[in-house]
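Commentary on secondary and tertiary structure
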Amino acid sequence: MSLEAQFIDAIEDLDLPDLDVSAAVLNEIPATVPRRGASTGWLLRAAAIVLLACASLIVAVEPARTAVARWLGIGATTVEIDPAVQPDAAPPPNSVVGAEVDSTLWNPIPLLGQPISVSTAGDGSAAYFWAAGDDWAGFTDDGVGVSLSVRPVVGAPSLKIASSEGDVQPVEIGTGASMIFGLWVGADHLLVSEPDAPGVRAARVLLWEQEGRQLRLESNGDLDDVVALAESVDVARLVAVLEGTD
Amino acid sequence: MSQPQRSDAELVATALTGDADAFGDLVRRHQRACLRIASIALGTTEGADDVVQDAFVKMFRSLHQFHSDKPLEPWMYRIVTNTARNRQRSQRRQQATATRSMSQADSLVSSDAAELVARSEQHSAVVQAINRLNADDRLILTLRWFEEQSEVQIAEVLGCRPGTVKSRLSRARARLRDELDETSSKKVRR
């Protein structure tokens, strides 16, 4: 008997409860189906929690996107849902080119090993890159590493356009009183950072705000792995390092 | 003469007109598969019914986003999987575990393992091997082998690239084989 057949045989024997949830489901849903743009769903609940960022949005929106129904965001980044978006049609992201990094430089995510590239700017912004390797179980086989960027909350606006509501979800980072909400864009999406720019494909990313900074952790790893990475970052120390006060 | 069964796409189209009964038909048609996916993703059948219920409510609210020219299952399984993972994450937080050990969540439940009927020694060995896999491995093998989803469809469920699915499948299959060999060798040593 093949391995596949044995597996199927075993899963068939999983003792699932014999139940019908249809009545409970129908009891919970409204009498009419919400249409695009209606005020329903977790997105709006999330929007109430996550900082809305439309006031500073100056990125031009193409006419085809004017029907976009809902958006939310963190800091200067706005996330829109537009089913017409086809991120795969955009050019692939640039691979990170390795560079010598001072080994004494403080590493915000030791779990990933030493970053291969670090760039900083005078305004307290920084970007760290790690190549895919064996240090972290969340690395996937596509050769794309992990990047962490940090910048002041007030910055140039950018727009992320995901093709499905299911690609975007609020997530909890941390526990208890220190828990904060972040936003996970769990699929390739379009990133528009300049007005009238066509947008480039961007990988899955976790966005959150902490210590007056906007942080972005880009990875093809699973959400659980990426959240664990985010929780491991000592953001207060990262800010102090970037401000030269550490 | 019995009425021909309506397709998923027809039921979705009818549900979008406000016919909740059509959505009820969809729930009844797919709830068992969703329950299986939720149990595999959670690592236990406990709470899987709540996950499935929540997932179907989310599906209903997002029904207008479903592309009826595509099969329903990948979209549905994705919502079930995400709901299960969110539930699992939330439960982990409630348990206030200081360490993020995956062992508790990922051990497919020794009690459930006991509930799996061991029809033969080999069957029992397979069950034990499956139970020692992590939840991600179990889920991807279940989607591919049991639910017969294509690699592209699994990529949609898991939110990753098809190439990643291929390599994860290969690793999961190898780990299952290793676990099975280990179980068998233990029995031989005994």
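Preceding block: the structure.
Counting restarts for each chain, with residues numbered from 1 along the sequence as it is written. Key to labels: chains lettered from A, ligands numbered from 1, both in the order written. Reporting in this predicted model follows two pLDDT cut-offs: at least 70 for local features of residues, and 80 or more for side-chain atom pairs to be given and counted; totals over whole chains, interfaces and linings ignore these cut-offs and use all residues. The basis for the side-chain values is all heavy atoms of the structure; hydrogens and waters are excluded.

1. Here we look at the interface of chain B and chain A
Note on contacts: a residue pair qualifies if any of its non-hydrogen atoms lie within 4.5 Å across the two residues. Every contact between the two is made by 59 residues of chain B and, on the other side, 58 residues of chain A. Accessible area that two parts lose when put together, evaluated with a 1.4 Å probe and summed over both, is termed the buried area. For the chain B and chain A pair, buried surface summed over both sides reaches about 5600 Å², with 54% attributable to carbon and sulfur atoms. In what follows, salt bridge is the name for a side-chain nitrogen of Lys or Arg lying within 4 Å of a carboxyl oxygen of Asp or Glu. Where chain B meets chain A, there are 1 salt bridge. Here a polar contact is taken to be a pair of N or O atoms separated by no more than 3.5 Å, where protein atoms must pair a possible hydrogen donor with a possible acceptor and residues adjacent in sequence count only if both atoms sit in side chains. For the pair chain B and chain A, the number of links is 6 residue pairs in polar contact (both at pLDDT 80 or more).

2. Focus: the pattern of salt bridges
Residues and elements named next belong to chain B. Summed over all chains, the structure comprises 10 salt bridges over all chains. Linking D25 and R6 is a salt bridge whose minimum nitrogen-to-oxygen distance equals 3.6 Å. Placement of the pair is D25 in helix α2 (residues 20-42) and R6 in the segment before α1 (8-15), with a sequence separation of 19 residues. The buried label applies to any residue whose accessible area, calculated with a 1.4 Å probe on protein chains only, is under 20% of its type's maximum; exposed applies above 50%, and partly exposed to all values in between. Note on R6: relative accessible area 34%, which makes it partly exposed. Secondary structure follows DSSP: runs of H or I at least 4 residues long count as helices, runs of E at least 2 residues long count as strands, and numbering of each begins at the N terminus.

3. Observations concerning the environment of A127(A)
Examined against the element boundaries, A127(A) turns out to sit in strand β4 (residues 126-130). In this structure the C-alpha to C-alpha distance between A127(A) and L217(A), which are 90 residues apart in sequence, comes to 9.8 Å.

4. Some thoughts on the packing of α1(B) against α2(B)
Residues and elements named next belong to chain B. Fitting a line to C-alpha atoms yields each axis, with helices limited to the stretch in contact; the angle taken between N-to-C directions then spans 0 to 180 degrees. Where α1 contacts α2, the two axes come as close as 8 Å, and the packing angle between them is 145°. When α1 is examined against α2, the residues D8, L11, V12, T14 and A15 are found in contact with a partner set consisting of A22, F23, D25, L26, R29 and H30. Throughout, the ten residues Ala, Val, Leu, Ile, Met, Phe, Trp, Tyr, Cys and Pro are labelled nonpolar, Asp, Glu, Lys and Arg are labelled charged, and all others, Gly among them, are labelled polar. Split into classes, the residues belonging to the contact of α1 with α2 amount to 6 nonpolar, 2 polar and 3 charged.

5. Topic: unusual backbone geometry
Of note in this structure, E211(A) is not a glycine but carries a positive phi near 55°. Here E211(A) shows up in the loop between β11 (205-210) and β12 (213-218).

6. Some details on the nonpolar core
What is meant by a nonpolar core is a set of buried Ala, Val, Leu, Ile, Met, Phe, Trp, Tyr and Cys residues, joined one to another through side-chain atoms within 4.5 Å. In terms of nonpolar packing, the biggest core is built from 64 residues, with F23(B), F56(B), M59(B), L141(B) and L176(B) touching the most fellow members. Per-element accounting of this core gives the leading share, 12 residues, to α2(B). Residues within four places of F56(B) in sequence aside, it is in contact with V21(A), V25(A), F23(B), V27(B), H30(B), Q31(B), C34(B) and M76(B). Grouped together as the second largest cluster of nonpolar side chains are 27 residues, V150(A), L217(A), L223(A) and L229(A) included.

Shape is all these values report; function is a separate question.
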